[in-house]
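Tertiary structure, described
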Protein chains: 2
Amino acid sequence: MKMSGGVEWALHCAVVLSAADRPVPAVRLAELHDVSSSYLAKQLQALSRAGLIRAAQGHAGGYELARPADGITVLDVVEAVDGAQPAFTCTEIRQRGPLATPPEACLRPCPIARTMSVADQAWRAALRAVTVADLAQEVTGDNTDAFTVLRGWLTA
Amino acid sequence: MKMSGGVEWALHCAVVLSAADRPVPAVRLAELHDVSSSYLAKQLQALSRAGLIRAAQGHAGGYELARPADGITVLDVVEAVDGAQPAFTCTEIRQRGPLATPPEACLRPCPIARTMSVADQAWRAALRAVTVADLAQEVTGDNTDAFTVLRGWLTA
DNA sequence: GGATCGTTACTCGGATAATAAGTGTCCGAGTGAACGAGG
DNA sequence: CCTCGTTCACTCGGACACTTATTATCCGAGTAACGATCC
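Everything in this summary refers to the structure shown in the same document. (Residues numbered from 1 in each chain as written. Chains lettered and ligands numbered in written order. Predicted model: local features only at pLDDT ≥ 70, side-chain atom pairs only at ≥ 80, totals over all residues. Heavy atoms only, no water.)

The subject of this paragraph is the relation of the copies chain B and chain A. Superposition record for chain B on chain A: RMSD 0.1 Å, screw rotation 180°, translation along axis 0.0 Å. Classification of the inter-copy transformation places it as that of a two-fold axis. Across chain B, the smallest distance between a C-alpha and the rotation axis is recorded for Trp-123 of chain B, namely 2.6 Å. (Least-squares fit on C-alpha atoms with pLDDT ≥ 70 in both.)

Glancing now at the interface of chain B and chain A. Contacts between the two partners involve 46 residues from chain B, matched on the other side by 46 residues from chain A. Approximately 4,200 Å² of surface area, both sides summed, lies buried where chain B meets chain A, with 72% of it carried by carbon and sulfur atoms. It is Met-1, Glu-8 and Ile-93 of chain B that lose the most area in chain B upon contact with chain A, and together they represent 19% of the buried surface on that side. Between the two partners, chain B and chain A, sit four salt bridges. The tally of links between chain B and chain A comes to 12 residue pairs in polar contact (both at pLDDT 80 or more). (Contact = heavy atoms within 4.5 Å. Buried area = accessible area lost by both parts, 1.4 Å probe. Salt bridge = Lys/Arg side-chain N within 4 Å of Asp/Glu carboxyl O. Polar contact = N/O pair within 3.5 Å; in protein donor to acceptor, adjacent residues only side chain to side chain.)

What follows deals with the environment of Thr-91 of chain A. Note that Thr-91 of chain A resides in the loop between helix 4 (74-82) and helix 5 (111-128). Classification of Thr-91 of chain A as partly exposed rests on a relative accessible area of 43%. Placed 60 residues apart in sequence, Thr-91 of chain A and Glu-31 of chain A show a C-alpha to C-alpha distance of 43 Å. Engagement of the side chain of Thr-91 of chain A in a polar contact is seen with the side chain of Glu-8 of chain B, the distance being 2.8 Å. (Helix = DSSP H or I, 4+ residues; strand = E, 2+ residues; numbered from the N terminus. Buried < 20%, exposed > 50% of the residue type's maximum accessible area, 1.4 Å probe, protein only.)

This paragraph deals with the packing of helix 5 of chain A against helix 5 (residues 111-128) of chain B. For the pair helix 5 of chain A and helix 5 of chain B, the least separation of the axes is 8 Å and the interaxial angle reads 160°. Relative to helix 5 of chain B, the element helix 5 of chain A lies roughly antiparallel. Both helix 5 of chain A and helix 5 of chain B take part in a crossing whose hand is right-handed. Across the interface between the two elements, Thr-115, Met-116, Ala-119, Asp-120, Ala-122, Trp-123, Ala-126 and Leu-127 of chain A from helix 5 of chain A touch Thr-115, Met-116, Ala-119, Asp-120, Ala-122, Trp-123, Ala-126 and Leu-127 of chain B from helix 5 of chain B. Counted by class, the contact of helix 5 of chain A with helix 5 of chain B contains 12 nonpolar, two polar and two charged residues. (Axes fitted to C-alpha atoms, helices over the stretch in contact; angles between N-to-C directions. Parallel < 35°, antiparallel > 145°, perpendicular 65-115°, else oblique. Left-handed = near helix turned anticlockwise from the far one by under 90°. Nonpolar A, V, L, I, M, F, W, Y, C, P; charged D, E, K, R; others polar.)

In the vicinity of DNA strand D, 23 residues are found, and the nearest of them are Tyr-63 of chain A together with Ser-4, Gly-5, Ser-36 and Ser-38 of chain B. Protein-adjacent atoms of DNA strand D, using a 4 Å cutoff, are sugar or phosphate at a proportion of 70%. The separation between a phosphate oxygen of DNA strand D and a polar main-chain atom of Gly-5 of chain B is 3.1 Å. Between a phosphate oxygen of DNA strand D and a side-chain N or O atom of Ser-36 of chain B, the distance comes to 2.7 Å. Tallying contributions element by element places helix 3 (residues 37-49) of chain A first for the surface near DNA strand D, with four residues. For the surface near DNA strand D, the per-class residue count stands at five nonpolar, 14 polar and four charged. (Near = heavy atom within 4 Å.)

This part is about the pairing of strand 2 (residues 62-65) of chain A. Residue and element names in this part refer to chain A. Here four bridges tie strand 1 (residues 53-56) to strand 2, and the two strands are oriented antiparallel to one another. Bridging across to strand 2, Ile-53 finds its partner in Leu-65. Here strand 1 folds back onto strand 2, and the loop between the two strands holds five residues, one of which, Gly-58, carries a positive phi near 80°. (Pairing = 2+ DSSP bridges.)

What follows is about the protein's contact with DNA strand C. The local shell around DNA strand C holds 23 residues, among which Ser-4, Ser-36 and Ser-38 of chain A together with Gln-45 and Tyr-63 of chain B are the closest. Among all atoms of DNA strand C positioned within 4 Å of the protein, those belonging to sugar or phosphate total 71%. Elements with a minimum of two residues in the surface near DNA strand C: helix 3 of chain A together with helix 3 (37-49) and strand 2 (62-65) of chain B. Partitioned by chemical class, the residues of the surface near DNA strand C number five nonpolar, 14 polar and four charged.

Rendered as structure tokens:
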């Protein structure tokens, strides 16, 4: 029950990219957060494959958001990096062993799987309710010129 | 973001134990579900350490629920087997790098950690709302004598 | 006959290998921009 | 002065080792029941 550590990096990068007005290279994002650039690239590639960010190659290239920040939810980022499959997978052990339940009585998922599914959907709903734009606004808070200095550092 | 596979076994065992009227050995539970008895023992030990089930040693020993089935929630079992720590852990990368946020501005968790925490609490609340007794009742459904044949197989 | 002691078989518990996933790193393919030569 | 071709440096992308967590297994410590023995 442990989430991939790269999810945190990907979310921070998404917030930073929402403030940038031009493509930002992965190396720049890495030294901004003081993390391994090679490994951060892996997370950004996952975001790119999911269609959340767009990659621009060549000179003055980098990554930029493919959609407006208020159209990208936290769940989108989490699923892109960590996988979209639910945490719990029912192996149907009720159909095994000497007292196996007959298949005709297993048309619906077992109560355990249903309970897990409900909890999983609640978790996803909570993450779907927050967008990258919401995170960015909370990060800045009252000092609105935080984005200005960030842009200046990104372009320098 | 993957849950330990033993959680499913532990939950099924909890439901079975709620129907038993005497201690059930781990080997019996293992062959009932057709799983590795040695590995299932590890999960049962975790439940025992958490105080959910009680172990009786010696001849005619085994495991039995330490509390009434309606007093054990699904969350209790999940936390006992898979750990109680939340899936997301904030590493405070906002305090690192050239544009590090000063510590005096980090008195509260960052928005990302807050969002994850809210989602985690929603997930836990959904699991806390279901007890082992609820699962047992749903498993039996209309054929109420399912527990009778189960007890007969456990004692035989 | 009853109680006691020793034996025995059965139980859990933690310590120990094998496996899969996650983490971290590297170098090559591709691309856009900049620079210089020519018109 | 403008346009075109070439070169070049910079970018991403996927393929390759290493570490950590999960999965699976084994054998030893402890204990309750059973049976034989003694009072």
